[in-house]
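Listed here are the chains, written in short residue letters.
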Amino acid sequence: MVQKWIVELKPKTGRSFEEWIALVKKDGPKDSQARRAWLKSKHKLGNSAWWIADRAEGKGTEEDSPEKYLATAVQYVEEQYSGKKSALRPIYSELLSLGKSLGPDVKACPGKTMVPLYREHVFAQIKPTINSRIDLGLCFTTCKGKLPKRLIDTGGFAKKDRITHCIKVSSPSDIDSELKTWLRAAYDLNA
């Protein structure tokens, strides 16, 4: 995603990634928050303002190359399931395996706090929310009809988030046929 953003930056904004970094360092404010505001107001940038401001300070560079990201992705997962959350690792592994088994187009993209599963778009996420539970987030933005109580509304519709519902998973036994059915449904709805 970041590589795509870097490639598309010049055609969309008139400046390359390197040109934006140089401009921020030369003419921009000194702190991150002011830099983001300056990029948004003066240069009419959206989310790119965050990324450019961070990169100008040397932050977020783990996403700038596939090699750096892959090394960092492993570290993200290790940190998510360390310490008191280490008992959740087998549940995570089973959910990840189940998600990836849905089709050859499924990819996992670990971040600092969760592991999204996506095809063209995110259809699920695996997130260790507390020391004893993982929330399996699901995208039902296009789903019509009433959903069962086990699918907890995350407020995603109102917030315009992709993840609209979740299933709480505290033990391997929670990964049952119903969970598998709803994970499959989220995958199918987000083709």
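Here the structure is shown first, and the text comes after it.
Peer 1: What am I meant to see in the overall build of the protein here?
Peer 2: Across its full length, the protein holds eight helices and six strands. The linear arrangement of helices and strands in the protein, starting from the amino end, is α-α-α-α-α-α-β-β-β-β-β-α-β-α. Principal-axis analysis of the C-alpha atoms places the extent of the protein at approximately 55 × 40 × 30 Å. For the protein, with 191 residues in total, the buried portion stands at 40%. Put simply, of all contacts in the protein between residues at least 6 apart along the chain, 52% involve residues at least 24 apart. Approximately 10800 Å² of the protein is accessible, and the part contributed by carbon and sulfur atoms is 55%. Each charge class in the protein was averaged separately, 34 positive and 23 negative side chains, and the resulting centres sit 5 Å apart.

Peer 1: Whenever I open this one, the sheet that holds strand β6 (residues 165-169) confuses me. Can you help?
Peer 2: The strands that make up a sheet are held in pairs by hydrogen bonds between backbone atoms, and each pair lies either parallel or antiparallel. Reading across from one edge, β1-β2-β3-β4-β6-β5 is the order of the six strands in this open sheet, with antiparallel pairing throughout. Either end of the sheet is taken by a strand with one partner, and the two such strands are β1 (107-108) and β5 (152-153). With two bridges connecting them, β5 and β6 associate as antiparallel partners. Bridging from a neighbouring strand, aspartate 153 pairs with histidine 165 of β6. On top of the sheet, helix α8 (residues 177-189) reaches β3 (122-130), β4 (133-138) and β6; it is set at about 40° to β4, its chief contact.

Peer 1: Even after reading the chapter, I still don't get the packing of aromatic side chains, so can you show me in this structure?
Peer 2: To describe a pair of aromatic rings, you give the distance between the ring centres and the angle between the ring planes. Going through the model one piece at a time under the given rule, you end up with three aromatic pairs. Taking 5.5 Å as the distance between ring centres and 80° as the angle between the ring planes, the aromatic pair formed by phenylalanine 123 and tyrosine 187 counts as edge-to-face. Of this pair, phenylalanine 123 sits in strand β3 while tyrosine 187 sits in helix α8, placing them 64 residues apart in sequence. Residues phenylalanine 123 and tyrosine 187 agree in their burial class; the two are buried. When the ring centre of tryptophan 20 is taken as origin, the NZ or CZ atom of arginine 15, which lies over that ring, is 4.9 Å away. The ring of tryptophan 50 has arginine 36 sitting right over it, with the charged end atom 3.9 Å from the ring centre.

Peer 1: What is the right way to look at the nonpolar core in this model?
Peer 2: The nonpolar side chains of soluble globular proteins are, as a tendency, buried together. Formed by 28 residues in total, the largest nonpolar core has its most connected members in Leu95, Phe123, Ile126, Leu136 and Leu138. Only α6 (89-100), β2 (115-118), β3, β4, β6 and α8 provide two or more residues apiece to this core. Ranked by residues supplied to this core, first place goes to α6 with five residues. Not counting chain neighbours up to four residues away, the residues in contact with leucine 95 comprise Ile126, Ile134, Leu136, Val169, Ile175 and Leu179.

Peer 1: Explain the side chain of glutamine 125 to me, please; I cannot follow it from the model alone.
Peer 2: The topology assignment puts glutamine 125 in strand β3. Here glutamine 125 falls in the buried class, since its relative accessible area comes to 15%. Residues contacting glutamine 125, with those up to four places away along its chain left out, are Met114, Val115, Pro116, Leu117, Asp135, Leu136, Gly137 and Ile163.

Peer 1: What's the story with the side chain of histidine 43 in this structure? I'm lost.
Peer 2: By secondary structure assignment, the location of histidine 43 is in helix α3 (residues 32-43). The contacts of histidine 43, once residues within four sequence positions are left out, are Arg15, Trp20, Leu23 and Trp38.

Peer 1: Hey, could you run me through the packing of α6 against α8 in this one?
Peer 2: For the pair α6 and α8, interaxial distance at closest approach is 10 Å and the crossing angle is 45°. As judged from the angle between their axes, α6 and α8 are oblique. As α6 packs across α8, the resulting crossing turns out to be right-handed. Contacts from Leu95, Leu98 and Gly99 of α6 reach α8 at Leu179, Lys180 and Leu183.

Cut-offs applied
- Residues numbered from 1 in each chain as written.
- Predicted model: local features only at pLDDT ≥ 70, side-chain atom pairs only at ≥ 80, totals over all residues.
- Heavy atoms only, no water.
- Helix = DSSP H or I, 4+ residues; strand = E, 2+ residues; numbered from the N terminus.
- Buried < 20%, exposed > 50% of the residue type's maximum accessible area, 1.4 Å probe, protein only.
- Contact = heavy atoms within 4.5 Å.
- Areas by Shrake-Rupley, 256 points an atom, 1.4 Å probe, with all protein chains shown as cover.
- Lys, Arg positive; Asp, Glu negative; His and termini not counted.
- Charge placed at Lys NZ, Arg CZ, Asp CG, Glu CD.
- Pairing = 2+ DSSP bridges.
- Axes fitted to C-alpha atoms, helices over the stretch in contact; angles between N-to-C directions.
- Phe/Tyr/Trp six-rings, centres within 6.5 Å; stacked < 30°, edge-to-face > 60°.
- Lys NZ or Arg CZ within 6 Å of the ring centre and 35° of its normal.
- Core = buried A, V, L, I, M, F, W, Y, C linked by side-chain atoms within 4.5 Å.
- Parallel < 35°, antiparallel > 145°, perpendicular 65-115°, else oblique.
- Left-handed = near helix turned anticlockwise from the far one by under 90°.

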